[in-house]
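Topology and contacts: notes
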Amino acid sequence: MTGTSTTEVTCVKCKRVYETEVIDHIDLSEDRELIRKIKSGKANRVQCPKCKKVMYLDRSFVINFEPQNLIVLFDPHLKNKADIDNIMRSYESIISFNEIFVEVGAETEFKVISDLKKLKSLITNYAKLYM
Ligand SMILES: [Zn+2]
């Protein structure tokens with residue numbers, strides 16, 4: 001199940017501030033139509049209600065590679081190892097996002113990825129195996 005939340009966005013064109021729904025969590029086994037968007041870096045597409053300007057938000061989100069025991073936090077803003085280590089320490093809080101993750105947490109591999117190329121190759125391999 002895809003998890004979404006509401007966030008405030010400022011339009012780059014007309015500066016209008018609007019609320020929009022963004023993706024926090026993707027389960028690849030259930031959201032296959034999202035795979036193409038993730039691979040092109042366009043998972044979070046938003047559109048200004050006033051001037052219709054489309055923007056793609058550089059937000060982090062969690063991807064569950066069910067049925068592989070792999071959960072990936074994709075965050076395009078993480079640039080150095082210290083940041084990634086910090087995230088790894090808060091793994092517990094990330095998996096607590098979803099009760100099912102807590103149950104399988106012990107046997108699930110968790111990765112933090114900031115490079116879209118790495119994410120693409122993981123998803124391409126996943127697609128070969130399960131689609
Ligand atoms: Zn606008």
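Check the entry above for the structure.
No experiment lies behind these values; they were computed from the predicted model shown.

1. Re the overall build of the chain
Across its full length, the chain holds 5 helices and 7 strands. Written out in order from the N terminus, the α and β elements of the chain read β-β-α-β-β-β-β-α-α-α-β-α. The 131 residues of the chain split such that 14% are buried. By sequence separation, contacts in the chain at least 24 residues apart represent 59% of the contacts at least 6 residues apart.

2. A short note on the environment of Gly-3
Within the secondary structure layout, Gly-3 lies in strand β1 (residues 3-10). C-alpha separation for the pair Gly-3 and Val-62, spaced 59 residues apart in sequence, amounts to 9.2 Å.

3. Here's the deal with the pairing of strand β2 (residues 17-27)
Here 8 bridges tie β1 to β2, and the two strands are oriented antiparallel to one another. Residue Thr-10 lies in a different strand from β2, and its bridge partner there is Val-17. Connecting the antiparallel pair β1 and β2 is a turn made up of 6 residues, with Lys-15 showing a positive phi of about 70 degrees.

Rules and cut-offs
- Residues numbered from 1 in each chain as written.
- Predicted model: local features only at pLDDT ≥ 70, side-chain atom pairs only at ≥ 80, totals over all residues.
- Helix = DSSP H or I, 4+ residues; strand = E, 2+ residues; numbered from the N terminus.
- Buried ≥ 20, exposed ≤ 12 C-beta atoms within 10 Å, placed from the backbone.
- Contact = placed C-beta atoms within 7 Å.
- Pairing = 2+ DSSP bridges.

Geometric values such as these leave the question of function open.
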